[in-house]
Amino acid sequence: MADTGRVMEIVILAVVIAVVVIGALGGLVIGSRRRKQLPPSPPAAPEITAPPAEPHIGDEAETPRDEPRRTIEEVDLPDASTAAPVVVDEPAPVAEAPPVEVPEPTAGRLVRLRARLSRSQNALGKGLLTLLSREHLDEDTWEEIEDTLLTADVGVQPTQELVERLRERVRVLGTRTPDELRSLLREELLTLLVPDFDRTVNTESGLDTPGIVMVVGVNGTGKTTTTGKLARVLVADGKHVVLGAADTFRAAAADQLQTWGERVGARTVRGPEGGDPASIAFDAVKEGIQEGADVVLIDTAGRLHTKTGLMDELGKVKRVVEKHAPLDEVLLVLDATTGQNGLVQARVFAEVVDITGIVLTKLDGTAKGGIVIAVQRELGVPVKLVGLGEGADDLAPFEPEAFVDALIGE
Ligand SMILES: Nc1nc2c(ncn2[C@@H]2O[C@H](COP(=O)(O)OP(=O)(O)OP(=O)(O)O)[C@@H](O)[C@H]2O)c(=O)[nH]1
Ligand SMILES: [Mg+2]
């Protein structure tokens, strides 16, 4: 019996030891769990630990991702600038249309922006005046004057005419003061700019349909920007403007125009990427007519004048639009910094669509202001607008007198 009692004692002791050991182990495990998981994860509802591992487009915020869930201890505090906020079941914010801006008046813009012509001012205006005020106007000096004009892209024929007339007048004048020279040069440059050209941008049809303006040119010259700037001026004049995004090569092109439209308060008619530009231009005019718009501005895709297929397409856009009404203005946008190459482009575009006006952009970034003279000569079409910067109000009606004054100083 004593033996049996001894065995019982040993068994009880073993059970007690086992319970204590298991208890201690269990406590450790729970303790370590507590340290690692705060709070202990409930099995059901998926819990979101921030930040989520790189969400992908189309992922649902509340769906757990495949990666093993990380615990708080393992996750560094999110960097405020990179943390993706976890938003569950919140509606996407509605994009508000930006407020429509009011532009500066167009009158006198060229005068206000004259400082932007500083490169042409230095190269052309100051260069010529310095040469002309030399003591002796010998052959070499006249040649330098010619070179200055040619470098500024005035063109060969106009340069020769100008130098010839200046030589003659300087000879007749005998003595010459700086003021006299300045006014001689001013007169001669003005003559070359054909001051009596009608430079009105025709935006009125004279019919009961809207005025129709089409903007054309090679890639990147500033067509879309010019269309936007022009729309802004027209809207500010109280006109109802519709924009036609006939550049269907890239979706971004229509977006760019639409952004301008929203900024200035003009609706944009657009079609699918890769769609037929002629039919979008046609629709834009049709919708313009339906909603009683005053002006429809059609922005076209940039195209190299050497690509006959694309040039034919442009001719088609024009013909299709003209099923509604004749175009009132076809503006060729030329980048002034491309110089003489612009003249070649101008010639080809003029053959395909009758150009009625030239917009010379980026005159703020070049010393080649003389291109104004050359391009008017080339086409017999006036420069109507000049671009003097990327800002919304950096498009100015071209005024020959203000332009010459800006070049040579008053
Ligand atoms: N400095 C300066 N930049 C200009 C002027 N006009 C346009 N730009 C810039 O030229 C770049 C091209 O302008 P866009 O209006 O997109 O040219 P686009 O002719 O529509 O181009 P594509 O549609 O691709 O053929 C943009 O960065 C404009 O901000 C200007 O008068 N001066
Ligand atoms: Mg464009």
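Before any of the text, the structure's been laid out above.
The paragraphs below set out a description of the structure included in this document. Everything numeric here is computed off the predicted structure, so don't read it as measured data.

Attention now moves to the site of ligand 1. The immediate surroundings of ligand 1 are formed by 18 residues, with Lys223, Thr224, Thr225, Asp364 and Glu390 found nearest. Contact distances for ligand 1 include 2.7 Å between an oxygen atom and a side-chain N or O atom of Lys223. The separation between an oxygen atom of ligand 1 and a polar main-chain atom of Lys362 is 3.0 Å. About the coverage of ligand 1: the protein hides 79% of its 660 Å² of free accessible area. Residue contributions to the shell around ligand 1 peak at 3 residues, all from helix α7 (residues 223-236). When the residues that make up the shell around ligand 1 are grouped by side-chain class, the tally is 1 nonpolar, 11 polar and 6 charged.

On to the environment of Ala293. Relative to the elements of secondary structure, Ala293 occurs in the loop between α9 (277-290) and β4 (295-300). By relative accessible area, Ala293 is classed as buried at 8%. A C-alpha to C-alpha distance of 8.5 Å links Ala293 and Gly211, two positions 82 residues apart in sequence.

Let us now look at the packing of aromatic side chains. By the definition in use, this model includes 1 aromatic pair. One residue, Arg263, lies across the ring of Trp260, its end atom 4.9 Å from the ring centre.

Direction vectors running N to C along helix α10 (residues 308-321) and helix α11 (residues 340-352) enclose 45°, while the axes themselves pass 9 Å from each other. Overall, the two elements α10 and α11 adopt an arrangement that is oblique. In this structure, α10 meets α11 at a crossing whose hand is right-handed. Across the interface between the two elements, Met311, Leu314 and Gly315 from α10 touch Val348, Phe349 and Val352 from α11. Of the residues contributing to the contact of α10 with α11, the split by class is 5 nonpolar, 1 polar and no charged.

Counting through the fold element by element, Lys229 comes out in helix α7. It turns out Lys229 is buried and unbridged, and the closest side chain with the opposite charge, Asp394, is 5.6 Å from it. A distance of 2.7 Å separates a polar atom in the side chain of Lys229 from the backbone oxygen of Gly389. If near-sequence neighbours (up to four positions away) are discounted, Lys229 is found in contact with Trp260, Gly389, Glu390, Gly391, Ala392, Asp394 and Leu395.

With that settled, consider the packing of helix α4 (residues 139-151) against helix α5 (residues 156-173). Where α4 meets α5, the closest approach of the two axes is 10 Å, and the angle between their N-to-C directions is 145°. For α4 against α5, the interelement crossing comes out right-handed. Of the residues in α5, those touching α4 at Glu139, Trp142, Ile145, Glu146, Leu149 and Leu150 are Val156, Thr159, Leu162, Val163, Leu166, Arg167 and Val170.

Taken as a whole and judged by the stated rule, the model has 23 salt bridges. Across the pair Asp276 and Lys316 runs a salt bridge whose closest N-O atoms are separated by 3.5 Å. Within this pair, whereas Asp276 is found in the loop between β3 (267-269) and α9, its partner Lys316 is found in helix α10, the two being separated by 40 residues in sequence. In this structure Asp276 comes out as partly exposed when scored by relative accessible area, which is 33%. What makes Lys316 partly exposed here is its relative accessible area of 35%. Linked through salt bridges whose partners overlap, the residues forming this network are Arg165, Arg169, Glu187 and Glu188.

About the criteria used
Residues numbered from 1 in each chain as written. Chains lettered and ligands numbered in written order. Predicted model: local features only at pLDDT ≥ 70, side-chain atom pairs only at ≥ 80, totals over all residues. Heavy atoms only, no water. Near = heavy atom within 4 Å. Polar contact = N/O pair within 3.5 Å; in protein donor to acceptor, adjacent residues only side chain to side chain. Areas by Shrake-Rupley, 256 points an atom, 1.4 Å probe, with all protein chains shown as cover. Helix = DSSP H or I, 4+ residues; strand = E, 2+ residues; numbered from the N terminus. Nonpolar A, V, L, I, M, F, W, Y, C, P; charged D, E, K, R; others polar. Buried < 20%, exposed > 50% of the residue type's maximum accessible area, 1.4 Å probe, protein only. Phe/Tyr/Trp six-rings, centres within 6.5 Å; stacked < 30°, edge-to-face > 60°. Lys NZ or Arg CZ within 6 Å of the ring centre and 35° of its normal. Axes fitted to C-alpha atoms, helices over the stretch in contact; angles between N-to-C directions. Parallel < 35°, antiparallel > 145°, perpendicular 65-115°, else oblique. Left-handed = near helix turned anticlockwise from the far one by under 90°. Contact = heavy atoms within 4.5 Å. Lys, Arg positive; Asp, Glu negative; His and termini not counted. Salt bridge = Lys/Arg side-chain N within 4 Å of Asp/Glu carboxyl O.

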